[in-house]
Amino acid sequence: MDYVYGPGRNHLFVPGPVNIPEQVIRAMNRNNEDYRAPAVPALTKTLLEDVKKIFKTTSGTPFLIPTTGTGAWESALTNTLSPGDRIVSFLIGQFSLLWIDQQQRLNFNVDVVESEWGQDHYQHPALFLVDGVSSICALDFRMDEWGIDVALTGSQKALSLPTGMGIVCASAKALKASKTAKSVRVFFDWNDYLKFYKLGTYWPYTPSIQLLYGLRAALDLIFEEGLDNVIARHARLGQATRLAVQAWGLKNCTQKEEWYSDTVTAVVVPSNIDSSEIVRRAWKRYNLSLGLGLNKVAGKVFRIGHLGHLNELQLLGCLAGVEMVLKDVGYPVKLGSGVAAASAYLQNSTPFIPSRI
Ligand SMILES: Cc1ncc(COP(=O)(O)O)c(C=O)c1O
């Protein structure tokens, strides 16, 4: 294999997959085990109980499915709906576009709304399905309080695990819908999971043992920091990134402040610059991985992912790298300007590490 890694760490700033903490890597460095022996159901029981906390639900039923976010989408849809059922979907970016495509290919009747979300959905009798792949465990997310029926995420995002586990949480209303939903499903059928939950063995098929131990370690780290502190850290990193973008004289692709994301910032580049070249160069020259602009915004934006296991100084390294690449591609940035704006903010807002106070 060619030596492609370069010295030091790769600065991984794509919006997923994200950095995996050392503790999680060590927890996953183990042999396979018999998932029917008592240790694995005992571990699974703690995971199912604790994973509810990241959804902020006490009444939801979680499923840990060997899949990705896309599979978690399919699980949410096929378990709750029948072919021809009507879905109102909100098109706000690339992943809503892909979910809408999946909904159409699964033969649901989809109304696409391209404007912002209304205020009155809580009163609606429809099931409320939320893609939390880039938000759960990083942003304030309250499944019970907001009346969400199915929420889902993927392991490689804010949970900072390898890709491969879709985490889906269903409300009582969604579980009830799954008893009558006629969509064809086999691998994703919640009812198979529920049968094994009742038996106390938990798994209808073979789970990744390593991911289960990884999830245990990831949840332990999140609870040690405190979920609200994790959310506050993401808010801080998001704000610091936006201040840097502003200092560079560039625009956030997200137009309204209330829509800003604390997990990813898409930066619009001037029309004479190809944003894909920024991403290529960042990786080749500075060992910095930035996110490409996708689909409609390909070549026009690059994305800085700031989610998961990440701290302030790591972010400043990324921002310094972005400045150098911007200069490389001919954008007249003052080196240090974004880092100065971000670090002035972070120096005033970064708390002590909770476990070291
Ligand atoms: C918001 C959102 N939804 C869904 C997905 C798809 O997840 P996956 O690539 O794990 O299938 C992604 C992936 O980046 C995402 O960001």
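Given the structure is predicted, the values throughout are model-derived calculations rather than measurements.

A. Fine view of the domain arrangement of the chain. Domain boundaries in the chain define domain 1 (11-17 + 226-356) and domain 2 (31-225). Computed from C-alpha coordinates alone, the two centres of domain 1 and domain 2 are separated by 29 Å. Listed by partner, the interface residues are 22 residues for domain 1 and 21 residues for domain 2. Taking both sides of the interface into account, the surface hidden between domain 1 and domain 2 amounts to around 1,700 Å²; carbon and sulfur atoms contribute 58%. Among the residues of domain 1 in contact with domain 2, Gly226, Leu227 and Ile231 are the three that bury the most area, contributing 26% of the side total. Inspection of the region where domain 1 meets domain 2 yields 2 salt bridges. Residues lysine 56 and aspartate 228 are paired through a salt bridge, measuring 3.3 Å at the closest nitrogen-oxygen approach. Connecting domain 1 to domain 2 are 10 residue pairs in polar contact (both at pLDDT 80 or more). Grouping the constituent residues of the side of domain 1 that touches domain 2 by class yields 9 nonpolar, 9 polar and 4 charged.

B. How the structure looks around the site of the ligand. Neighbouring the ligand are Thr68, Gly69, Thr70, Trp73, Phe95, Asp131, Val133, Ser134, Gln156 and Lys157. Contacts to the ligand include threonine 68, whose side-chain N or O atom sits 2.6 Å from an oxygen atom. For the ligand, the protein covers 81% of the area, taking 400 Å² as the surface of the free molecule. Along the lines of polarity and charge, the residues of the shell around the ligand split into 3 nonpolar, 5 polar and 2 charged.

C. Examining the sheet that holds strand E2 (residues 61-65) more closely. Read across the sheet, 4 strands follow the order E2-E7-E6-E5 without closing on themselves; strand pairing throughout is mixed. Bordering the open sheet on either side are E2 and strand E5 (129-131), each of which pairs with just one other strand. The average undirected angle you get between the axes of adjacent strands in this sheet is 15°. Summarising the sheet, E5 and strand E6 (residues 150-154) pair through 3 bridges and their orientation is parallel. Across the sheet, residue valine 130 finds its bridge partner in E6, namely alanine 151. On top of the sheet, helix H2 (residues 39-55) reaches E2, E6 and strand E7 (166-170); it is set at about 105° to E2, its chief contact. Relative to the sheet, helix H3 (residues 69-80) contacts E2, E5, E6 and E7, its axis offset from that of E6 by approximately 160°.

D. Geometry of the nonpolar core. Counting residues in hydrophobic clusters, the biggest one holds 69 residues, and the most contacted among them are Phe55, Phe63, Leu64 and Leu159. Mapping this core onto the domain boundaries places at least three of its residues in each of domain 1 (11-17 + 226-356) and domain 2 (31-225). Among the nonpolar cores identified, the runner-up in size contains 30 residues, and Ala240, Leu290, Ile304 and Val325 belong to it.

E. How the structure looks around the sheet that holds strand E10 (residues 288-292). Spatial ordering of the open sheet is given by E1-E10-E11-E9-E8, a layout of 5 strands whose pairing is mixed. Looking at strand neighbours, the two that pair on one side only are strand E1 (11-13) and strand E8 (251-252), the edges of this open sheet. The sheet contact formed by strand E9 (residues 264-268) and strand E11 (residues 301-305) spans 5 bridges and is antiparallel. Following the sheet pairing, valine 264 is matched in E11 by glycine 305. Contacts from helix H8 (residues 227-247) reach E8, E9 and E11, with the element oriented near 10° to E9. Sheet contacts for helix H9 (residues 275-286): E1, E10 and E11; angle to E10, the most-contacted strand, approximately 165°.

F. Summary view of the UniProt feature "binding site: substrate" (unreviewed entry) in the chain. The feature "binding site: substrate" (unreviewed entry), as given by UniProt, occupies Arg303 in the numbering adopted here. Relative to the helices and strands, arginine 303 resides in strand E11. Exposure remark for arginine 303: the relative accessible area of 18% places this residue in the buried category. Each residue touching arginine 303, except ones within four places of it in the same chain, is listed here: Phe13, Pro15, Val264, Thr265, Ala266, Leu290, Gly291, Leu292 and Leu294.

G. Expanded view of unusual backbone geometry. Cis geometry is found at the peptide bond from glycine 16 to proline 17, where omega equals 5°. Looking at the secondary structure, you find proline 17 in the loop between E1 and helix H1 (22-28). With a phi angle near 80°, cysteine 137 is a residue other than glycine that sits in the positive phi range. Looking at the secondary structure, you find cysteine 137 in the loop between E5 and E6. Non-glycine residue asparagine 295 carries a positive phi angle of around 55°. Summarising the element assignment, asparagine 295 is placed in the loop between E10 and E11. A relative accessible area of 47% means that asparagine 295 is categorised as partly exposed.

What counts, and at which threshold
- Residues numbered from 1 in each chain as written.
- Predicted model: local features only at pLDDT ≥ 70, side-chain atom pairs only at ≥ 80, totals over all residues.
- Heavy atoms only, no water.
- Domains from an automatic or database assignment.
- Contact = heavy atoms within 4.5 Å.
- Buried area = accessible area lost by both parts, 1.4 Å probe.
- Salt bridge = Lys/Arg side-chain N within 4 Å of Asp/Glu carboxyl O.
- Polar contact = N/O pair within 3.5 Å; in protein donor to acceptor, adjacent residues only side chain to side chain.
- Nonpolar A, V, L, I, M, F, W, Y, C, P; charged D, E, K, R; others polar.
- Near = heavy atom within 4 Å.
- Areas by Shrake-Rupley, 256 points an atom, 1.4 Å probe, with all protein chains shown as cover.
- Pairing = 2+ DSSP bridges.
- Helix = DSSP H or I, 4+ residues; strand = E, 2+ residues; numbered from the N terminus.
- Axes fitted to C-alpha atoms, helices over the stretch in contact; angles between N-to-C directions.
- Core = buried A, V, L, I, M, F, W, Y, C linked by side-chain atoms within 4.5 Å.
- Buried < 20%, exposed > 50% of the residue type's maximum accessible area, 1.4 Å probe, protein only.
- UniProt positions renumbered as here; feature names shortened; annotations may be inferred.

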